[in-house]
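Tertiary structure, described
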Amino acid sequence: MSDLIFDNGEFARQQKTLHGELALADLPRVAGEVLAGGPVQFALAGGSDHYKRLTLDLSLKGHFELSCRRCLKPMPFELDVASRFTLFADEARMDEAEADDEDLEGLLFERAFDPMNLVEDEILLSLPFAPAHDSCESDAAAAPDAGSTPQKPNPFAVLAELKGKLKRGEQ
Ligand SMILES: [Zn+2]
């Protein structure tokens, strides 16, 4: 993963792009929050905005299985996010810009920027805080092997067991 570390200011200035596919094993923090999932398609593109501030555009797509907080059965979740980050030289300027524009997400210039850290942060922010089926029984019934008929005890087996108990009682 360390081979992906780069200078995010240079990346944006040179309008570089980076894209690929990440397995869940590449995203250890995300793996701790989901039942299953991946691969995640990611694309990062450097550029600038109309104020000539340097930017990073990140898009992420993938499929995850989350655990329903009510029935604990898997719940599908489609990740499809696109975020723009504006780069700043210091926190004071970043805070000021974020206060001026609610939609702005700031990042600091970093010579040793780890894009995987940003990818994981974005995925974790996108996951629902308390995932739950709209209707647990009907949504969970759509899952494979949830449709099997409930097991009823065989009436003859119950009878045989009862007879066995009675016989043992006689002795
Ligand atoms: Zn549920």
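Note that this is a predicted model, so its numbers are computed, not measured. (Residues numbered from 1 in each chain as written. Predicted model: local features only at pLDDT ≥ 70, side-chain atom pairs only at ≥ 80, totals over all residues.)

Let's talk about the overall build of the protein chain
Within the protein chain one finds 6 helices and 6 strands. Each helix and strand of the protein chain, placed in order from N terminus to C terminus, yields the pattern α-β-α-β-β-β-β-α-β-α-α-α. Across the protein chain, every contact between residues at least 6 apart in sequence was considered, and the portion connecting residues at least 24 apart equals 59%. (Helix = DSSP H or I, 4+ residues; strand = E, 2+ residues; numbered from the N terminus. Contact = placed C-beta atoms within 7 Å.)

Looking at the pairing of strand β4 (residues 54–67)
Examined bridge by bridge, strand β2 (residues 36–37) and β4 share 2 bridges and lie antiparallel to one another. The residue bridging Gly37 from the neighbouring strand is Phe64, located in β4. Where strand β3 (residues 40–48) folds back onto β4 in an antiparallel hairpin, the turn is made up of 5 residues, including Lys52, whose phi is positive at roughly 65 degrees. In this sheet, strand β5 (residues 74–88) lies alongside β4 in antiparallel orientation, the contact comprising 13 bridges. (Pairing = 2+ DSSP bridges.)

Considerations on the environment of Val30
Structurally, the position occupied by Val30 is in helix α2 (residues 28–31). In the structure, Val30 is positioned 94 residues away from Leu124 in sequence and 6.3 Å away in space, judged by C-alpha atoms. Val30 has contacts with Leu24, Glu120, Ile123 and Leu124, leaving out every residue within four places of it along the chain.

Here we look at unusual backbone geometry
Pro39 follows Gly38 through a cis peptide bond whose omega is -5 degrees. Looking at the element boundaries, Pro39 is found in the loop between β2 and β3. Positive phi, normally seen in glycine, also occurs at Gln15, with a value near 50 degrees. Position of Gln15 relative to the elements: it lies in the loop between α1 (8–13) and β1 (17–22). Assessed through the 12 C-beta atoms surrounding it within 10 Å, Gln15 is described here as exposed. (Buried ≥ 20, exposed ≤ 12 C-beta atoms within 10 Å, placed from the backbone.)

A closer look at helix α4 (residues 115–126)
The first and last C-alpha atoms of α4 sit 17 Å apart over 12 residues, in line with the 16 Å expected at 1.5 Å per residue. Those residues of α4 that fall on the buried side of the exposure criterion are Val119, Glu120, Glu122 and Ile123. Buried positions in α4, seen along its axis, are confined to an arc of 165 degrees and lie on one side of it. (Expected span 1.5 Å × (residues − 1). Arc of directions from axis to C-beta.)

Some thoughts on the pairing of β3
Bridge count between β1 and β3: 6 bridges; the pairing is antiparallel. Residue pairing for β3: Glu21 is matched across the bridge by Gln41. Pairing analysis gives 8 bridges linking β3 to β4, with the strands arranged antiparallel. Across the sheet, the residue bridging to Ser48 is Leu54, located in β4.

Considerations on the nonpolar core
Counting 18 residues, the largest nonpolar core has Leu56 and Leu87 as the members making the most contacts within it. Of all the secondary structure elements, the ones that give two or more residues to this core are α1, β3, β4, β5 and α4. Non-local contacts of Leu87, meaning those with residues more than four positions away in its chain, are made with Asn8, Gly9, Ala12, Arg53, Leu54, Thr55, Leu56, Leu107 and Phe109. (Core = buried A, V, L, I, M, F, W, Y, C linked by C-beta atoms within 7 Å.)

Brief notes about the environment of Ala97
Secondary-structure assignment places Ala97 in helix α3 (residues 91–100). The class of Ala97 is partly exposed, set by 16 C-beta atoms lying within 10 Å. Taking the C-alpha atoms as reference, Ala97 lies 9.4 Å from Thr86; in sequence the two are 11 residues apart. Filtering out sequence-adjacent residues up to four positions away, Ala97 remains in contact with Thr86, Phe88, Leu104 and Gly106.

Details of the confidence of the model for the protein chain
Mean pLDDT over the protein chain: 87, with 81% of residues reaching 70 or higher. Segment residues 145–149: pLDDT under 50, and 3 contacts once partners within four positions in sequence are set aside and those in other chains are kept. (pLDDT = per-residue confidence, 0-100.)

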